[in-house]
Amino acid sequence: MSKEMLEAFATLEKTKGIKQDVIVDAIKAALVAAYKKNYNQAQNVEVDFDERKGNFKVMAVKTVVDEVQDDRLEVSLKDALAINRAYEVGDEIRFEVTPKNFGRIAAQTAKQVIMQRLREAERNHIIDEYSQYEDELVTGTVERRDNRFVYVKIGNVEAVMPHHDQMPNEVYNPQDQIRVLVTHVGSDSKGAQITVSRTAPDMVKRLFEQEVPEIYDGTVEIVSIAREAGDRTKMAVKSNDPNIDPVGTCVGQKGARVQNVVNELGGENIDIVKYEEDPSDFIANALNPAEVIAVQFGDDEDEKSALVIVPDYQLSLAIGKKGQNVRLAARLTGYKIDIRPESEVEFVDEKSSDSDSEDAAATNESQDVATIEETTSSDDTEAADANDAENAEDNTEE
C-alpha cells in the first residue's frame, strides 16, 4: 500500500460518491478474511491503516496472563513486562503479524471482499440519494434499449423503464431527453435499481402540478385520475376555494395549461371533470362529453354499482370507442357503471304517481257522490210518481 492507494480512494469518493472510511473498512475486512483463510488465526486479528502513508498492518491482539494456555491468544506476564513495565494481567497487547507475502490466494480473497463491499456501499449511496426522488418527475437521457427495458441515465446512475411503463405511441432513441416519473428505488442481487415510468397516472398529476400553481399550493385538488397511457386520461378535480373554478383553472387561458401537458404526453387526450360529493353528479360528470338523464344505484351497498340512463342518440358516445369512456369513468369514480338507452328503461316518477293517485281518489270520490245523487234522485222521482197516482185516483172518484 502507498500514497497511490490514497489517491485511488480520493478518485472513488469523487466518481462513485463512496467515502474513504467505507473503502478503508472494506479493505480491512478483506485483509482479515484473507488472513483467516490462509493462516488459520482468526479470533484476535485486527487491521490498522496508516492514513499518512497509506499502509495497512495486520495486528494480533493477545491478553496478558500468568500462565499461557494458547499462545495465539495469550502472552505471559513475564514477556509483557519485558515490553513495558506497566502491563498487568488482563491487559491487551497488539503484535504486528503482517505476513511478508500474503500470496496469490490471499490477494484474490482480499480483492473479492473489497469489490463486494464497494458494490454494497455504492448501492446504499444510490438508494440514499435517489429515494428522495421517488414519485417525482426527473429528466433523463436515453442510453440504450433492449427487449425488456429502456435504460435512462439520471445523474450518475442508470435507471430502467420496463415495457409496460413505456408509452405505446413513443419511440425512444439514444440521447433523447425525456421526462419520467421515478416509481421505485430499491436493490436486487445486481445492486441498486431505479425504475421509472411514463405511463403511471401520477405522471399526469406531477405535470399538472408544474403547470398549474393552484394545484401545487393546494387551492385546487386532484381527487382521482384514470389513465390509458398514450390514448386518453380522465382527471377529477375540486376547488377548496368557492371563487375558483377547478376545471377552468386546469384548462388555462385558451387551453394553454392543459395543452402543455398534452404535448408532453405525445398528444394524449385529457378530460378534466369536476368532482362532486354526490355520486350521481360525479358519475354524470365523469361520463362527459355524453349527456346523462339519470343515475340509479343498486341495493347492494358492498358492491358499488350504478345504472346510467342516457338518450338513445348518446349511447355510443357514453360508452366510447371500445368501451373506453365508460371504462375510464368507472375507474375514476370507483363505481361499476351499466349504461342503458332511454328507450329501454321505464321511468317511475314518484311525484307523478302521487298526483295520479290523488286524481284517481278524487275521481272515485266524485263517482261515489254522483252515485249517491243518482240514487237520491230516483227515490224522489218514485215518490213523486206515487203522489201523482194518488191524486189521479182521488180526482177519478170525485
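Details of the structure are given in the entry above.
Cut-offs and rules
- Residues numbered from 1 in each chain as written.
- Predicted model: local features only at pLDDT ≥ 70, side-chain atom pairs only at ≥ 80, totals over all residues.
- Heavy atoms only, no water.
- Helix = DSSP H or I, 4+ residues; strand = E, 2+ residues; numbered from the N terminus.
- Buried < 20%, exposed > 50% of the residue type's maximum accessible area, 1.4 Å probe, protein only.
- Contact = heavy atoms within 4.5 Å.
- Areas by Shrake-Rupley, 256 points an atom, 1.4 Å probe, with all protein chains shown as cover.
- Axes fitted to C-alpha atoms, helices over the stretch in contact; angles between N-to-C directions.
- Parallel < 35°, antiparallel > 145°, perpendicular 65-115°, else oblique.
- Left-handed = near helix turned anticlockwise from the far one by under 90°.
- Nonpolar A, V, L, I, M, F, W, Y, C, P; charged D, E, K, R; others polar.
- Patch = residues over 30% accessible without salt bridge, like charges linked within 9 Å, V, L, I, M, F, W, Y side chains within 5 Å.
- Salt bridge = Lys/Arg side-chain N within 4 Å of Asp/Glu carboxyl O.
- Lys, Arg positive; Asp, Glu negative; His and termini not counted.
- Charge placed at Lys NZ, Arg CZ, Asp CG, Glu CD.
- Pairing = 2+ DSSP bridges.
- Core = buried A, V, L, I, M, F, W, Y, C linked by side-chain atoms within 4.5 Å.

J.: Is there a simple way to think about the overall build of the protein chain in this case?
T.: Summing up its helical and strand segments, the protein chain has twelve helices and 15 strands in all. Residues classed as buried in the protein chain amount to 35% of the 398 residues present. Contacts in the protein chain between residues at least 24 apart in sequence constitute 59% of all its contacts with a sequence separation of at least 6. Surface accessibility of the protein chain: about 24400 Å² in total, with carbon and sulfur atoms responsible for 45%.

J.: Looking at this structure, how should I read the packing of helix H5 (residues 201-211) against helix H8 (residues 256-264)?
T.: Two packed helices can be described by the angle between their axes and the distance between those axes. As a packed pair, H5 and H8 sit with axes 10 Å apart at the nearest point and diverge in direction by 140 degrees. The angle between H5 and H8 falls in the class oblique. Where H5 crosses over H8, the two elements pack in a sense that is right-handed. In contact with Met-203, Leu-207, Phe-208 and Glu-211 of H5, H8 contributes Arg-257, Val-258, Asn-260, Val-261 and Glu-264. Per-class residue counts for the contact of H5 with H8 are five nonpolar, one polar and three charged.

J.: Just to check I follow, could you spell out a negative patch on the surface for this structure?
T.: Side chains of Glu-13, Asp-21, Asp-25 and Glu-51 sit close together on the surface and give a patch of like negative charge. The topology assignment puts Asp-21 in helix H2 (residues 20-39).

J.: What should I look at first to understand the pattern of salt bridges in this one?
T.: Evaluation of the coordinates by the stated rule reveals 14 salt bridges. Residues Glu-209 and Arg-206 are paired through a salt bridge, measuring 2.9 Å at the closest nitrogen-oxygen approach. Taken together, the residues span about one helical turn, with Glu-209 and Arg-206 both in helix H5 at a distance of three residues. Judged by relative accessible area, which is 17%, Arg-206 ranks as buried.

J.: Where do I start with the sheet that holds strand S13 (residues 294-297) in this structure?
T.: Within a sheet, each strand pairs with its neighbour through backbone hydrogen bonds, oriented either parallel or antiparallel. As summarised here, the arrangement of the three strands in space is S13-S14-S15, forming an open sheet in which the pairing is mixed. Every interior strand has two partners, whereas the edge strands, S13 and strand S15 (336-341), have only one. Within this sheet the neighbouring strands show an average axis-to-axis angle of 25 degrees, counted without direction. Across six bridges, strand S14 (residues 305-310) lies against S15 in parallel orientation. Looking across to S15, one finds that Ala-306 is bridged to Ile-337.

J.: I would appreciate a short explanation of the nonpolar core in the present structure.
T.: Soluble globular proteins tend to pack their nonpolar side chains together in the buried interior. Core analysis: the largest hydrophobic core is formed by 40 residues, its most contacted members being Ile-194, Val-196, Phe-208 and Met-235. With five residues, the top contributor of residues to this core is strand S8 (residues 177-188). Setting aside residues no more than four positions away along its own chain, Met-235 makes contact with Val-204, Phe-208, Ile-222, Ser-224, Ile-225, Cys-250, Asp-271, Ile-272, Val-273 and Leu-332. Listed in part, the 20 residues of the second largest apolar core include Ala-226, Val-326, Ala-329 and Leu-332.

J.: Got a minute to help me understand the sheet that holds strand S10 (residues 220-228) in this structure?
T.: Across the sheet, three strands lie side by side as S10-S11-S12; this open sheet has mixed pairing. Bordering the open sheet on either side are S10 and strand S12 (269-274), each of which pairs with just one other strand. Taken over all neighbouring pairs, the strand axes of this sheet differ in orientation by 20 degrees on average, direction set aside. Across eight bridges, the pairing between S10 and strand S11 (residues 232-239) is antiparallel. Each bridged residue has a counterpart across the sheet, and for Glu-228 the counterpart in S11 is Arg-232. Relative to the sheet, helix H9 (residues 279-286) contacts S10, S11 and S12, its axis offset from that of S12 by approximately 155 degrees.

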